[in-house]
Amino acid sequence: MIKHQIKGKLEVQKVTDYALDKSTLWIAQTSQYSERSIMETVFTTAINKSSLESTVNKLQIKAEGYGSIPSADTIFRAINKEYGDLSLEEMETKVSSNLQEIANLALMEMKGTKVNLALDIHNEEFYGKSMNDFQNSGKEFIVYNQTGRLKVFQYATLTVVSSGKKLSKLSKLSKLSKLSKPITIGFVIVYKGLKRIEIVEKLMRQIEGMDLRIDWLLMDGGFSGVDCIGYLKEKQIKFVTRGKYSKKKEYPDSIGLSFAYELKNARSSVEVEGMLLRERTKKGKRKMIFFLSSKIMTHAKLKKLYRQRFRIENTYRHQRVVKIRSSSRKLHIRWFLWAISILLELIWEIIASIYEDMELNKYSSRQELINSHILDYIHANVTTAKCRIY
């Protein structure tokens, strides 16, 4: 077991080193510090769930000297240099392509392989004053949640939640027999007025170069509109999405059997397959309706398939574990810092998959423990311009 744990830490070092080597994709270097040294400080900040200012102050004390590591102002200038002039679409494309570069550690052997994807929108709590507009776009990025009491910013992600078959040599760093963890490969910034169909189109464009064969696309009920369904049918992408069950409408009496259903809006309509299921709740059983692209599916298969969608919900919860605190009112800085949280969550999912394939116990792959290994590796091999942190 000890040998396996040592091998596990070596895998952590390999994946972390690979991610840091890709720092040039994420951040611009300065006259004094390399991209890697800046990213090492940013990673440390995220894992400690702190702010850049607080982290830098602590690290400078340990390093016994100002200038031994990049200051918070230096890092903010580097972020401004890299992202300050980007449009919204350019920033989304840059973040998603960078995530895909790391995701390829797990997906490089999956080209042409059928995968199940999940798509969802997430609300993240926002504290502070209203932020400056993004490139004077006039768009509203900070909104109130459904209760109207909490400010949130929204983003959508596309995640590989399952592969169609077991794989060998899945990673060039390790030998994985299967993909068992969610792997984020798409990122879209959501603002007030952005249509669901626009989110779907953006995410599909982002993964065009990955050569992945989509077996099923699993979506929340917010994407069950005519435009989204029509687009997916036109692209011949199989999908499952939850619809809105209404007691005022008439449905077939059969539970668990598919039936023809017509979705309508003011402009058009589209034919889909519908299926009614019962769900147990604290108040008893209630009916749900699902929309499918294929009627060749049993209710048992539908439940098993749609259950995979909740893996994308787990990624949002895990991203909060590595959330960087900031009071910056510049949108591109806020989005970059949150993209780092998505990146670190992705790194953990890849490492956890390796641990699972090595048959290490689940305790060894806990996120907090893996993050501590990442932090130890960064501090032991820091490459700052002046001197080592420890």
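Preceding block: the structure.
For the structure given in this document, a descriptive report is provided here.

Thresholds, definitions, all that
- Within each chain, residues carry numbers counting from 1 in the order of the written sequence.
- At least 70 in pLDDT is required for a residue's local features to be given in this predicted model, at least 80 for side-chain atom pairs to be given and counted, and no such filter applies to totals for whole chains, interfaces and linings, which use all residues.
- To obtain the side-chain values, all non-hydrogen atoms of the structure were included, while hydrogens and water were left out.
- The salt bridge definition used is simple: a Lys or Arg side-chain nitrogen within 4 Å of an Asp or Glu carboxyl oxygen.
- A run of DSSP states H or I qualifies as a helix once it reaches four residues; a run of E qualifies as a strand once it reaches two. Both are numbered from the N-terminal end.
- Between buried and exposed lies partly exposed: a residue is buried under 20% and exposed over 50% of the maximum accessible area for its type, with that area taken using a 1.4 Å probe on protein chains only.

### With respect to the pattern of salt bridges
1) Next: Counted by the stated rule, this structure contains 18 salt bridges.
2) Next: With its nearest N and O atoms 3.9 Å apart, the salt bridge here joins K202 to E89. Of the two residues, K202 sits in helix α7 (residues 196–206) while E89 sits in helix α6 (residues 88–107), which places them 113 residues apart along the sequence.
3) Next: Judged by relative accessible area, K202 falls into the buried class, the value being 9%.
4) Next: Linking E124 and R320 is a salt bridge whose minimum nitrogen-to-oxygen distance equals 3.2 Å. Taken together, the residues E124 in strand β1 (residues 114–125) and R320 in the loop between α10 (310–319) and α11 (331–357) connect sequence positions 196 residues apart.
5) Next: Residue classification places E124 among the buried positions, given a relative accessible area of 2%.
6) Next: Salt bridges here are not isolated pairs; linked through shared partners, they connect D17, D21, R36 and E40.

### Some remarks on unusual backbone geometry
1) Next: The backbone of K49 sits at a positive phi, close to 50°, despite the residue not being glycine.
2) Next: Summarising the element assignment, K49 is placed in the loop between α3 (35–47) and α4 (52–63).
3) Next: Residue classification places K49 among the partly exposed residues on the basis of a relative accessible area of 38%.
4) Next: Positive phi, close to 65°, is recorded for E359, a residue that is not glycine.
5) Next: Within the secondary structure, E359 is located in the loop between α11 and α12 (367–380).

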